[in-house]
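Coordinates in review
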Amino acid sequence: LRIYINPIITNEKDIIGSIVVLQDVTQIRKLEQMRSDFVSNVSHELKTPLTSIKGFVDTLKNGAIGDEGTALRFLDIIDIESDRLYRLINDILILSEIERMDKDYDKERVEVCEVIDEVVDMLSLKAEQKSIGLSAEKDGPMTMLGNRDRVKQMMINLVDNALKYTEVGEVNIKITSTGNWIKITVSDTGIGIPEEHLTRLFERFYRVDKGRSRNQGGTGLGLSIVKHIVLLYKGKISVTSNVNAGTTFEILFPKDSEQ
Ligand code: ADP
């Protein structure tokens, strides 16, 4: 609690009272804490690939460059770590851009099924490479208000995760209409998520299994970006999961009332 006291002084310089202002700063403190946690998390996340790149470059310079096999292996690692850095910076920029946005600005009519078709096309090669089926079931055209690129980004993150955390089986996207809402579900037959992690899943840099996320090239920001986009367009998101059976993300967006 912050307390401000200002005396009320008359023209004759008599103090005839005072104004006391009590300001609850809990929320401000919380935000400040969250911001500083984010900065330290970001710094740590950026440092990890950079340290690795620097280490391998030094080793190459100190003689490893003479052995072609070793040099190529080290260059591969430097390449992978640079990609990770690139993805991280990209995700951080997307997140900060969405956070800065006004809720009602930047809206257009978005045909959700079209966006989903594009996402399926884009990720079908990845699905094929892992021999995972990728399909979309649509219930006619459906329009919402939002920014097309951002809705697409949200779908890419969800479907990409479903493919990343599934070894056998399939990923299915379903779009249906329920009352005034468009319902999108992304289901997979993957590794699943233990129940105790479900509530923290959408936090920045939260990962269930750090090693697995890292191996899959994850940044830990994908679901946090998804949640921000959902909230930006007044949607809702929920997740259900069974370990070793699969995970389903369900999103509801208000339908465009003009359709
Ligand atoms: P990451 O870049 O690590 O994938 P995300 O924010 O996209 O970060 O997801 C957070 C964590 O949630 C992941 O590290 C993973 O443990 C878990 N997760 C997300 N989607 C799925 C899924 N479809 N199946 C199983 N686990 C998932």
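Anything mentioned here points back to the structure above.
Residues numbered from 1 in each chain as written. Predicted model: local features only at pLDDT ≥ 70, side-chain atom pairs only at ≥ 80, totals over all residues. Heavy atoms only, no water.

Topic: the overall build of the protein chain
In terms of helices and strands, the protein chain carries six helices and nine strands. Its C-alpha atoms give the protein chain a radius of gyration of 24 Å, clearly above 18 Å, the size a compact globule of 259 residues would have. Each of the three principal axes of the protein chain carries a C-alpha extent, and together these read 90 × 60 × 35 Å. Burial status across the protein chain gives 37% buried among its 259 residues. Sequence-distant contacts, at least 24 apart, represent 68% of the contacts inside the protein chain between residues at least 6 apart. Accessible surface, the protein chain: about 15,400 Å² in total, of which carbon and sulfur atoms supply 52%. Separation of charge centres in the protein chain, based on 34 positive and 40 negative side chains, amounts to 4 Å. (Helix = DSSP H or I, 4+ residues; strand = E, 2+ residues; numbered from the N terminus. Rg over C-alpha atoms; globule rule 2.2 N^0.38 Å. Buried < 20%, exposed > 50% of the residue type's maximum accessible area, 1.4 Å probe, protein only. Contact = heavy atoms within 4.5 Å. Areas by Shrake-Rupley, 256 points an atom, 1.4 Å probe, with all protein chains shown as cover. Lys, Arg positive; Asp, Glu negative; His and termini not counted. Charge placed at Lys NZ, Arg CZ, Asp CG, Glu CD.)

A closer look at the environment of Tyr206
Examined against the element boundaries, Tyr206 turns out to sit in the loop between strand 7 (181-188) and helix 5 (210-215). Overall, the relative accessible area of 19% leaves Tyr206 in the buried class. Taking the C-alpha atoms as reference points, Tyr206 and Thr219, separated by 13 residues in sequence, lie 9.4 Å from one another. Leave out the neighbours within four places in its chain, and Tyr206 touches His197, Arg200, Leu201 and Gly220. Among the polar contacts made by the side chain of Tyr206, one reaches the side chain of His197 at a distance of 2.7 Å. (Polar contact = N/O pair within 3.5 Å; in protein donor to acceptor, adjacent residues only side chain to side chain.)

Side note on the site of the ligand
Residues in close proximity to the ligand total 20 residues, the closest being Tyr165, Ser213, Thr219, Gly220 and Leu223. A distance of 2.8 Å separates an oxygen atom of the ligand from a polar atom in the side chain of Asn161. One of the backbone N or O atoms of Thr219 is found 2.8 Å from an oxygen atom in the ligand. For the ligand, whose unbound accessible area comes to 520 Å², protein coverage reaches 98%. Of all the secondary-structure elements, those providing two or more residues to the shell around the ligand are helix 4 (148-164) and helix 6 (222-232). At three residues, the largest contribution of residues to the shell around the ligand is made by helix 4. For the shell around the ligand, the class distribution of residues is eight nonpolar, eight polar and four charged. (Near = heavy atom within 4 Å. Nonpolar A, V, L, I, M, F, W, Y, C, P; charged D, E, K, R; others polar.)

So, the nonpolar core
In terms of nonpolar packing, the biggest core is built from 52 residues, with Met154, Met155, Val159, Ile173 and Ile184 touching the most fellow members. Aside from chain neighbours lying at most four places away, what touches Val159 is Val119, Leu123, Leu134, Val171, Ile173 and Val186. Formed by seven residues, the second largest nonpolar core is a distinct cluster that contains Ile53, Ala71, Phe74 and Leu85. (Core = buried A, V, L, I, M, F, W, Y, C linked by side-chain atoms within 4.5 Å.)

Considerations on the sheet that holds strand 6 (residues 170-178)
With mixed pairing, five strands are arranged side by side in an open sheet as 4-6-7-9-8. Bordering the open sheet on either side are strand 4 (133-138) and strand 8 (236-242), each of which pairs with just one other strand. Each strand of the sheet is rotated relative to its neighbour by a mean of 15°, with strand direction disregarded. Across the face of the sheet, helix 3 (residues 112-129) comes into contact with strand 4, strand 6 and strand 7 while running at roughly 170° to strand 4. Along the sheet face, helix 4 touches strand 4, strand 6, strand 7 and strand 9 (246-254) and points at about 25° away from the line of strand 7. (Pairing = 2+ DSSP bridges. Axes fitted to C-alpha atoms, helices over the stretch in contact; angles between N-to-C directions.)

Description of unusual backbone geometry
In this structure, Lys13 is a non-glycine residue whose phi angle is positive, near 65°. For Lys13, the position within the fold is in the loop between strand 1 (2-9) and strand 2 (15-23). At Lys234, a residue that is not glycine, the phi angle is positive and equals roughly 55°. Counting through the fold element by element, Lys234 comes out in the loop between helix 6 and strand 8.

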